[in-house]
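Working through the structure, step by step
If you want the building blocks of each chain, they are given just below.
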Amino acid sequence: MTQRTIAALMLALGIATLAGCASPTVITLNDGREIQAVDTPKYDEDSGFYEFEQLDGKHTRINKDQVRTVKDL
């Protein structure tokens, strides 16, 4: 195998690994709105907020009292 082929295989393996890590999530708020997140939100017990990244790349924090459900897609 050439060095270029090995590099291409390593790149493909890296992309496949990263794709397997993300699990898109839908967060349903008490008012019925749904927000899609790139990955499962992290809950900060000290502040009482869920923190996550939306599909458009925007980082968001939502108070846990506003969240009805958090479901993986």
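Residues numbered from 1 in each chain as written. Predicted model: local features only at pLDDT ≥ 70, side-chain atom pairs only at ≥ 80, totals over all residues. Heavy atoms only, no water.

As for the sheet that holds strand β1 (residues 25-29)
To be explicit about the condition: The pairing criterion for strands is at least two bridges between them, as found by DSSP. Numbering of helices and strands runs from the N terminus; a helix is a DSSP stretch of H or I covering at least four residues, while a strand is a stretch of E covering at least two. Structural elements are reduced to axes, namely lines fitted to C-alpha atoms, with helices fitted over the stretch in contact, and the angle between N-to-C directions of any two is expressed from 0 to 180 degrees.
Strand order across the open sheet formed by three strands is β2-β1-β6, with antiparallel pairing between neighbours. The open sheet has two edge strands with one neighbour each: β2 (34-37) and β6 (67-72). Ignoring strand direction, the axes of neighbouring strands in this sheet form an average angle of 20°. Inspection of the sheet shows β1 paired to β6 by five bridges, in the antiparallel sense. Along β6, the bridge assignment pairs leucine 29 with valine 67.

Details of the environment of glutamine 54
Our working rule: Contact between two residues is taken to exist if any of their heavy atoms lie within 4.5 Å; hydrogens are not considered.
Within the secondary structure, glutamine 54 sits in the loop between β4 (49-53) and β5 (59-63). Here glutamine 54 is in contact with Ile35, Gln36, Ala37, Val38 and Thr60, once residues within four sequence places are set aside.

What to know about the sheet that holds strand β3 (residues 42-44)
Spatially, the three strands line up as an open sheet ordered β3-β4-β5, and their pairing is antiparallel. With partners counted over all chains shown, the strands left at the sheet margins are β3 and β5, one partner each. On average, each strand axis in the sheet is inclined to that of its neighbour by 25°, with strand direction left out of account. Relative to β5, β4 runs antiparallel, the two being bridged by five bridges. Directly across from tyrosine 50, in β5, lies its bridge partner isoleucine 62.

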